[in-house]
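What follows is each chain in one-letter form.
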Amino acid sequence: MDNNNWLQQILMFGIGTTSLVADRVREVSEQWVKDGKIDSDQAKSFVDDLMGQMKLDPANFEAQLQRTIRNTMQDLGVPRQNEMDELRGRIDRLERQVRELENKLWK
């Protein structure tokens with residue numbers, strides 16, 4: 001998969017997360033009301049409290065979002081930048097060794 005596509009998807013995920021979370025929280029609270037688990041006042045309070053926490057502590061929300069993205073990428077098998085750099089270094093060393101061996105054979 002194209003790296004730019006991954007990055008674009010991750011950025012869009014980050015940008016849209018707050019509105020998606022808000023929508024999902026509202027949907028869940030509405031379902032709880034329909035199921036009779038809570039009443040509509042409790043649902044409104046729940047949504048308002050949660051959204052207030054997200055607005056009051058955006059740094060914590062962002063940190064949680066970053067952890068979620070990092071864990072998701074790890075679960076998908078997307079290597080970290082330091083792992084890619086290490087592999088590139090190993091490939092460079094192997095290519096250099098192959099060239100040296102080829103040069104020895106041609107002498």
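Keep in mind the model is a prediction, meaning the values are calculated, not measured.

1. Describing the overall build of the protein chain
Across its full length, the protein chain carries four helices and zero strands. Taken from N to C terminus, the helices and strands of the protein chain fall in the order α-α-α-α. When burial is assessed residue by residue, the protein chain has 11% of its 107 residues classed as buried. Partitioning the contacts of the protein chain with sequence separation of at least 6, the portion at a separation of at least 24 is 47%. For the protein chain, the computed accessible surface area is about 9100 Å², with 53% contributed by carbon and sulfur atoms.

2. Remarks on the pattern of salt bridges
Two side chains that carry opposite charge are able to pair once their charged atoms sit near each other. Tallying each qualifying case throughout the model produces two salt bridges. Linking Lys 44 and Asp 48 is a salt bridge whose minimum nitrogen-to-oxygen distance equals 2.7 Å. Here Asp 48 and Lys 44 lie together in helix α2 (residues 40-56), a separation of four residues that amounts to about one turn. In this structure, the salt-bridge partner of Arg 88 is Asp 85, at a minimum N-O distance of 3.5 Å.

3. Considerations on the confidence of the model for the protein chain
Regions with low pLDDT should not have their predicted coordinates read in detail. Chain-level pLDDT for the protein chain is 78 on average; 79% of the residues reach the 70-or-more range. Ranking the elements of the protein chain by mean pLDDT puts helix α1 (residues 3-35) last with 70 and helix α4 (residues 81-106) first with 94.

4. Quick look at a positive patch on the surface
A cluster of basic residues, Arg 90, Arg 93, Arg 96 and Arg 99, forms a positive patch at the surface. With respect to the element layout, Arg 99 can be found in helix α4.

5. What to know about the nonpolar core
A general feature of soluble globular proteins is that nonpolar side chains tend to end up buried together. With five residues, the main nonpolar core is built from Ala 22, Val 25, Val 47, Met 51 and Met 54. Elements represented by at least two residues in this core include exactly α1 and α2. For this core, the leading source of residues is α2, giving three residues.

The rules behind each value
Residues numbered from 1 in each chain as written. Predicted model: local features only at pLDDT ≥ 70, side-chain atom pairs only at ≥ 80, totals over all residues. Heavy atoms only, no water. Helix = DSSP H or I, 4+ residues; strand = E, 2+ residues; numbered from the N terminus. Buried < 20%, exposed > 50% of the residue type's maximum accessible area, 1.4 Å probe, protein only. Contact = heavy atoms within 4.5 Å. Areas by Shrake-Rupley, 256 points an atom, 1.4 Å probe, with all protein chains shown as cover. Salt bridge = Lys/Arg side-chain N within 4 Å of Asp/Glu carboxyl O. pLDDT = per-residue confidence, 0-100. Patch = residues over 30% accessible without salt bridge, like charges linked within 9 Å, V, L, I, M, F, W, Y side chains within 5 Å. Lys, Arg positive; Asp, Glu negative; His and termini not counted. Charge placed at Lys NZ, Arg CZ, Asp CG, Glu CD. Core = buried A, V, L, I, M, F, W, Y, C linked by side-chain atoms within 4.5 Å.

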